[in-house]
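# Per-entry structural report
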Amino acid sequence: MEVKTSLLDNMIGVGDMVLLEPLSEDTFLENLKNRFDHNEIYTYIGSVVISINPYRSLPIYTPEKVEEYRNRNFYELSPHIYALADEAYRSLRDQDKDQCILITGESGAGKTEASKLVMSYVAAVCGKGQEVNKVKEQLLQSNPVLEAFGNAKTVRNDNSSRFGKYMDIEFDFKGDPLGGVISNYLLEKSRVVKQPRGERNFHIFYQLLSGASDDTMKKLKLDRDFSKYNYLSLDSAVVSGLDDAANFRTVRNAMQIVGFMEDEMLSVLELVAAVLKLGNIEFKPESRCNGIDESRVKDKNDLKEMCELLGTEQSVLERAFSYRTVEAKMEKVSTTLNVAQAYYARDALAKNLYSRLFSWLITRINESIRAQAKTRHKVMGVLDIYGFEIFEDNSFEQFIINYCNEKLQQIFIELTLREEQEEYVREGIEWTNIEYFNNAIICDLIENNQNGILAMLDEECLRPGTVTDETFLDKLNTICAEHQHFESRLSKSSKFLTDHSLPHNCFRIQHYAGKVLYRVEGFVDKNNDLLYRDLSQAMYKANHSLIKQLFPEGNPAKVNLKRPPTAGFQFKASVGTLMSNLQTKNPNYIRCVKPNDKKASHIFTDSLVRHQVHYLGLMENVRVRRAGYAFRQAYEPCLERYKMLCKKTWPHWRGPAREGVEVLLTDLQVPTEEFAYGRSKIFIRNPRTLFFLEEKRKRCLEDLATLIQKIYRGWKCRSQFLLLKKSQIVVAAWYRRYAQQKKYQKIKRATTVVQSYARGWQARKLLRELKYQKKCEQAVTTISAYWHGTQVRREYRKFFRANAGKKIYNFTIQRIMQKYFLDLKRNMPSMSPIDKSWPARPYLFLEGVHTELKRIFHLWRCKKYRSQFTEDKKAVYEEKLKASELFKDKKALYPSSVSQPFKGDYLEISKNPKYQKLNNAVDEKVLLADVVNKINRANGKGSPRLLLLTRRSVILADQKTGQVKASVPLADLASVSVSTQMDGFFALKLKEGSASAVKGDFLLSSDHLIEIITKLHRISASAAEREPINVDISDEFLVQFKHDKVCVKFIQGSPKNGNSASCKRKNNRLLEVSVPTSP
Ligand SMILES: Nc1ncnc2c1ncn2[C@@H]1O[C@H](COP(=O)(O)OP(=O)(O)OP(=O)(O)O)[C@@H](O)[C@H]1O
Ligand SMILES: [Mg+2]
């Protein structure tokens, strides 16, 4: 729940000066000092906030503070600038009333800081969002830029605003900021060329020289040394606590955020640099023949650099510093300038350059921050304008500034009174006229169009003939002499003739805030604000986009012979616009007060503050506010605050709040003239009545506090007692339970001991009996076991040892064998007869069995393999087997024959018609038919013959005719001879004395030698009555040719006809067969 508080709570002094009792300047100051000493820098006068500069940072601007003051009523919390900002913002947002915040006070009183605080508060509490935040940021960031170019260190303030600023912040219907517009008033441009002792030029000059990068410095042709520039005062170039270099970065950053382009920033800096260079241009006199001195530029280097920066022609500018052209009615007259005039022209150019640059900056910022939307805006204006100034030496600037303050005071009085009056009407309270000083008469003295001081100054400036400040003063002396607020030594009014405090060259005005003495020197010049046309034209010619814009009057095409409006005239016009603008808005005042002249914290100089209180018209303000009724408050918070003072309203009043307040005041017997009932507020005439109420409330609160305390203490003690009682019961119960538990446990333990002893005794007794019984049983068992053992051993001894070993052995062997066979079964090798593998033997004693089994298995496998063969196939294999028996490892030809199947009938004799006759001649089955070579014994050459083999005979026939040449019965064959070599030669040897032997043996050669001999041998062996034919294998054997025996010898060599063997007759007894070397 939100706690309703009031400004009246925990007040130091009084938070609202309206409540000051008694009211006098002394009590007023006393109250301010008291609060200032307690860090309460804000005090109200009704809705006006007085702010005293603390000159140190106080922890009262935190985000938490913002939250605290957000959406709270003005008088709910202790005075704060946030309360004013919140009130203004809420009535703008919720009641659609345009607001203006008028911040006044003297230099260094904290106006600029206050304006920033108001802006930051509004930025913190208004809507959020990407676009809105950008607008806020741009509005806030416009401050550093303007401060850099428009503020300077003065003796009164290290960051003194040297221009007046009014900023309209625009909001949409939701209260979100849309943008803003800044107006500026009269920049103190004289500072550009000359600064009073102990003061500086505008910050930007120092910031640029300290903070710019080397690159930029080079571009701008600048040197970091301040002493190189005439326009920069040196005695306070460095200000403690002010970091120019860092501020330069801040300014550049702020310019970027506000929306300045890089080239725009550079242009601006070029102009600043140009002003510095301009200050360094010096002149020397040059005598002319007519005896008049003419000025000449002394050292042209700076002029050259400046011209390069601005893009102007050096000669044009140089001439503009030496001559002045006056145009009148189509006539041009050129006059020379002397050195003093040249310096005047130079400074006028510098001042104009800078002040126009400043105005351009504001226009440029406005372009960026101006609200885009065309819808109606709500506006909150913040006015941070120079305060009333009274110096020892006051000039035109002070006159203008003080005029502005007069106007503000006037609007303040008007608006405050109007507001006051409106409230009375709104509340239905009778309005009593208030006596107050109206400063309209002073405003009139200054601004009256006929005989006002400004009008007369303008008149003097425009008047032909010699015009000096003195002629102007004379004019004032004649025209304003009668005015009651104008004082001058030489005025007609004789009363000042002897006033020595009023010098002859001065006039004095009794401003609302005090008398100010103005020295007329410079009034005319400053009002004229003259810049020679030659200079503005030279500037217009510059090849620099920004400069051209700044000097539009230099355009020769638009020569205007009319004088430009005077400074006074311009200012009056802009103040007039400002005033009418402020009139349309709901005003909120912040009146800043400077506590001391030393810029120091904790020092409150009475005289200084008194002076400010005086000229700010603060007492006047309080009096106006208090003239009718000093205090007013809505009925609800009033009843809420004081209801405890009456039994009827305490603690709750059920009816309307107004009636409650009536009952309350009647009950308290407050005199009826002390208050009036408005529609929604109670008006209290005298602060004393309020303090009476407050005092009573305080006492009542004390009583109430005591009552509450009493009840609370009673309640607390009682609840503590009840708690103690409850605790005691719990503790007692726990203790009793514990004690009983203990007792029970003790008895239980004792019982258990007794029980255990008894049980132990019983058990032991039983145990003894059982043990005895058991022992008896064991004895019986042992005896019987022994007995039975003896019996059994006696009976079985004979079997026992003799059989056990054998059985175990047999059993073990059986298991081993079983396992062996099972393993063997599992690891049986393949059924291929050529597979040599056989599982490993597990035990040595199985060696014999294992080898035998391997052999048996192999035989069985072979048998199985053989059993697959048919009879024919078997015969083929038998033949092959026979061939192997005959020739293996004996004849080199044999291995090549193994793979050749024995075909037998190579001639296909029964089918081939060519051999039909021969077939018919042989009456038996032909087992082999082939072509062989019969070797001629005469030359060893072979001639082909058909060789047929039957069961009974070998037949040789002519290959062509098929006629049988010889038929040898097998019984006549004695043997066959072959060599060991690769050749196919074989000799069929006949039995001596047989019928066939007549012709002699046959020496033949065949490719199928192995087959022929094998078949021959098999056939001869199959005949029961005969011996099988002998097969002689030797490399030398004898062949019987008719009567001769010829030796056939086989030698290894390279026969003539390639790979086959060749036979050659060597002599009568020798036939040599050369056989190719076996591979
Ligand atoms: N509320 C504040 N809290 C802390 N310091 C403050 C406060 N107000 C002002 N100051 C200090 O006082 C100095 C001067 O304040 P500021 O520049 O606002 O004065 P001013 O009234 O604008 O003066 P001028 O008329 O010369 O511009 C500030 O630089 C700051 O150091
Ligand atoms: Mg300021």
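Residues numbered from 1 in each chain as written. Chains lettered and ligands numbered in written order. Predicted model: local features only at pLDDT ≥ 70, side-chain atom pairs only at ≥ 80, totals over all residues. Heavy atoms only, no water.

By the naming in an unreviewed UniProt entry, the protein goes by Unconventional myosin-Ib and is assigned to Kryptolebias marmoratus. Taken directly from UniProt, the Sequence similarities (unreviewed entry) text for the protein runs: "Belongs to the TRAFAC class myosin-kinesin ATPase superfamily. Myosin family." Recorded in UniProt under Subcellular location (unreviewed entry), the annotation for the protein is "Cytoplasm, Cell cortex". (UniProt positions renumbered as here; feature names shortened; annotations may be inferred.)

### Some words on the site of ligand 1
Residues in contact with ligand 1 amount to 17 residues; listed here are only the nearest, Ser-107, Lys-111, Thr-112, Ser-160 and Ser-161. One nitrogen or oxygen atom from the side chain of Ser-107 is found 2.6 Å from an oxygen atom belonging to ligand 1. For ligand 1, an oxygen atom lies 2.9 Å from a polar atom in the side chain of Asn-157. Sorting the residues of the shell around ligand 1 by element identifies helix 4 (111–125) and strand 5 (160–161) as the ones contributing at least two each. (Near = heavy atom within 4 Å. Polar contact = N/O pair within 3.5 Å; in protein donor to acceptor, adjacent residues only side chain to side chain. Helix = DSSP H or I, 4+ residues; strand = E, 2+ residues; numbered from the N terminus.)

### Notes on the nonpolar core
Within the largest apolar cluster, 212 residues are counted, with the highest numbers of intra-cluster contacts made by Phe-28, Phe-149, Phe-205, Leu-317, Phe-321, Ile-453 and Phe-507. It is helix 13 (residues 339–369) that contributes the most residues to this core, 15 residues altogether. With sequence-adjacent residues up to four places away left out, Ile-453 is seen in contact with Phe-399, Leu-445, Ile-446, Phe-472, Leu-476, Cys-480, Phe-486, Phe-507 and Ile-509. Among the nonpolar cores identified, the runner-up in size contains 31 residues, and Val-954, Leu-973, Phe-986 and Leu-990 belong to it. (Core = buried A, V, L, I, M, F, W, Y, C linked by side-chain atoms within 4.5 Å. Buried < 20%, exposed > 50% of the residue type's maximum accessible area, 1.4 Å probe, protein only. Contact = heavy atoms within 4.5 Å.)

### Digging into the pattern of salt bridges
For the structure shown, the criterion picks out 61 salt bridges. In this structure, Lys-33 engages Asp-37 in a salt bridge whose closest nitrogen and oxygen atoms are separated by 3.3 Å. Remark: Asp-37 and Lys-33 occur in helix 1 (residues 25–37); sequence separation between them is four residues, near one turn of the helix. In this structure Lys-33 comes out as partly exposed when scored by relative accessible area, which is 29%. Lys-599 is paired through a salt bridge with Asp-158; the nearest N and O atoms lie 2.6 Å apart. Of this pair, Lys-599 sits in the loop between strand 16 (586–593) and helix 22 (606–615) while Asp-158 sits in the loop between strand 4 (151–152) and strand 5, and the two are 441 residues apart along the sequence. Among the residues examined, Lys-599 registers a relative accessible area of 26% and is labelled partly exposed. On the basis of relative accessibility, which here comes to 23%, the residue Asp-158 falls in the partly exposed class. (Salt bridge = Lys/Arg side-chain N within 4 Å of Asp/Glu carboxyl O.)

### A few points about the coordination of the magnesium ion (ligand 2)
Coordination of the magnesium ion (ligand 2) by the protein comes from Thr-112 (OG1) and Ser-161 (OG), over a distance range of 1.9 to 2.0 Å. Of the two residues, Thr-112 is situated in helix 4 and Ser-161 in strand 5; the sequence distance between them amounts to 49 residues. (Donors = N, O, S within 2.8 Å, 3.2 Å for Na, K, Ca; no water.)

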